[in-house]
Each structure stands twice: as C-alpha cells, then as structure tokens.
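Summary of structural features
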Amino acid sequence: MRFLLIEDNMSLAKATIDRLSLDGHVVDHAECLADANGFVSTTEYDLILLDIMLPDGDGRSFLKSHRSALESTPVIATTARSEVSDRVGILDLGADDYITKPFDFAELEARCRAVLRRRGGNASNIISLGDVRFDSLSGTLEIGQDTIHLRNRELRLFEVFASAPDQIFSKSKLLDRLFSYDEGATENAIEVYVGRLRRHLKGSRAEIVTDRGLGYRLSIK
C-alpha cells in the first residue's frame, strides 16, 4: 500500500516511515501542507496520515479541502490535542480515524489496518477468494492444507488484487503502489512479483490473469 505521511517532526516522521516500511508499505513524506498538496495532485494514495499542527497551516484545512474535492482516500489524523471537542471536530471534517500523540506504533498499525479494511468493505483481516483464504495480518495464503507465508511486497501486491477481484491494474499503477520514487524500480519488477504470486496460487481457483496491453487482474475460477 502507498501512504502519504504529513508530519513536520522529522524524528517522528523517520520512525513512522521505518516502521511502516518494515511491513512493506511505501511511504511518501510531506513536511508541510504545500508539499502535501503537491503529492496528492500527482499520486493516488491508499491512506493519508495527517498531522494537525503544521508549519504553514492547520491540517484541518487540508482535510476540509480534500473532502470538498470528493476525495475518498482514508485519512487518519495525528494530533497532540486530547480534548473531546477537538477529536469530534476532526472526525466531523471527514477524518476516518485519529490517534493522539505520543502514540504506540503497534496501535498506529492496527488503526491503519482497520481503516483499510473498512474501505474495502471487510470486517476482518481474512478474505476468502474461491478456495484461497488470505490473512492480511499474518501475511499468509491458505490453500487446502498448505499455508504460504508471503514476503512483504508479495503481500502488498496480493492485497491490491484481493481488494478488487476482476479489476484490471496496469503495470504502472502497480508500480506506483509498491515502490517509492527513490527506489527507481521498473515495470519488470512487477512481472517478477506477479510471477511469484502465480506460483503460490498454482492449483487453486484463484488466478492472476494477464489482459494483454492492459494489465493484470485476479480471477476466481
């Protein structure tokens, strides 16, 4: 998944990026609202982590304009304010959740998973796809009696497919979801990871299909 972190505290930003990257997420970092607006104008994100107090303005103004533009990207607000009225105001402006600083990274990860599940219409971490049981929390595929442990990028790629079976994803779209700008990955990397997932799914009713000239999609036979 690709996240946008809007945070001006550099030590907290680095720690957050390091933690989320360990789970295979791609995280772009904006230190101010101007940078954040630049990022969202050019890139599609699965989740935005939004600090409220920023050097060039209030994060609530970003949230308000984001929702006014009918953008549905989930937003978790991070705030040092603990008053009920502040939290209610943030939620009423369109935040999907909030977390109060200082926070535990395990709680942040859990809130991210919960928000992403709700966006996908799932009540739990487990998704059934034909005879494949996918657990996004443990990073496993269960096919019959076999349990396959996915590596980080295999997991994040399968999450993309599992979130929208039969939807076609172009190589460039998948590249954008799996790699940061700094990594310099090419579309060949997507072919490699798709090949790995196909080997994992061999013999099951789930198949990653190539639609020539368009991209890939997850099909359930």
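Conventions we followed
- Residues numbered from 1 in each chain as written.
- Predicted model: local features only at pLDDT ≥ 70, side-chain atom pairs only at ≥ 80, totals over all residues.
- Heavy atoms only, no water.
- Patch = residues over 30% accessible without salt bridge, like charges linked within 9 Å, V, L, I, M, F, W, Y side chains within 5 Å.
- Areas by Shrake-Rupley, 256 points an atom, 1.4 Å probe, with all protein chains shown as cover.
- Salt bridge = Lys/Arg side-chain N within 4 Å of Asp/Glu carboxyl O.
- Lys, Arg positive; Asp, Glu negative; His and termini not counted.
- Charge placed at Lys NZ, Arg CZ, Asp CG, Glu CD.
- Helix = DSSP H or I, 4+ residues; strand = E, 2+ residues; numbered from the N terminus.
- Domains from an automatic or database assignment.
- Contact = heavy atoms within 4.5 Å.
- Buried area = accessible area lost by both parts, 1.4 Å probe.
- 1 Å grid on protein atoms, 1.4 Å probe; cavity = no way out; pocket = protein on both sides within 12 Å on 5 of 7 lines; lining within 4 Å.
- Points joined across faces, edges and corners; volume = space filled by probe spheres on them.
- Nonpolar A, V, L, I, M, F, W, Y, C, P; charged D, E, K, R; others polar.
- Buried < 20%, exposed > 50% of the residue type's maximum accessible area, 1.4 Å probe, protein only.
- Arc of directions from axis to C-beta.

Once that is clear, we can look at a negative patch on the surface. A cluster of acidic residues, Asp8, Glu31, Asp35 and Asp56, forms a negative patch at the surface. Assignment of secondary structure puts Asp35 in helix α2 (residues 33-42).

What the domain assignment lists for the chain is domain 1 (2-119) and domain 2 (127-220). Distance between the C-alpha centres of domain 1 and domain 2: 26 Å. Listed by partner, the interface residues are 13 residues for domain 1 and 10 residues for domain 2. Here domain 1 packs against domain 2, burying approximately 1,100 Å² in sum over the two surfaces, 39% of which is carbon and sulfur. When the buried surface of domain 1 facing domain 2 is broken down by residue, Arg2, Val26 and Glu44 rank first, second and third, together holding 43% of it.

Turning our attention to the environment of Met1. By secondary structure assignment, the location of Met1 is in the segment before β1 (2-6). Leave out the neighbours within four places in its chain, and Met1 touches His25, Val26, Asp46, Leu116, Arg156, Glu159 and Arg177.

Attention shifts here to empty space enclosed by the protein. Overall, the coordinates contain 1 cavity of 30 Å³ or more when judged by the stated rule. Reported here for the largest cavity is a volume of approximately 40 Å³. What lines the largest cavity is simply Leu5, Glu7, Leu12, Thr16, Leu49, Thr78, Phe103 and Leu108. Tallied by class, the residues present in the lining of the largest cavity amount to 5 nonpolar, 2 polar and 1 charged.

With that settled, consider α2. Looking only at α2, the buried set comprises Leu33, Ala36 and Phe39. Viewed along the axis of α2, the buried residues span an arc of 120 degrees, placing them on a single side of the element. The exposed set on the far side of α2, more than 90 degrees from its buried face, consists of Ala34, Ser41 and Thr42. Residues of α2 that are buried make contact with β1, β2 (26-30), β4 (53-54), β5 (57-58) and α3 (59-68).

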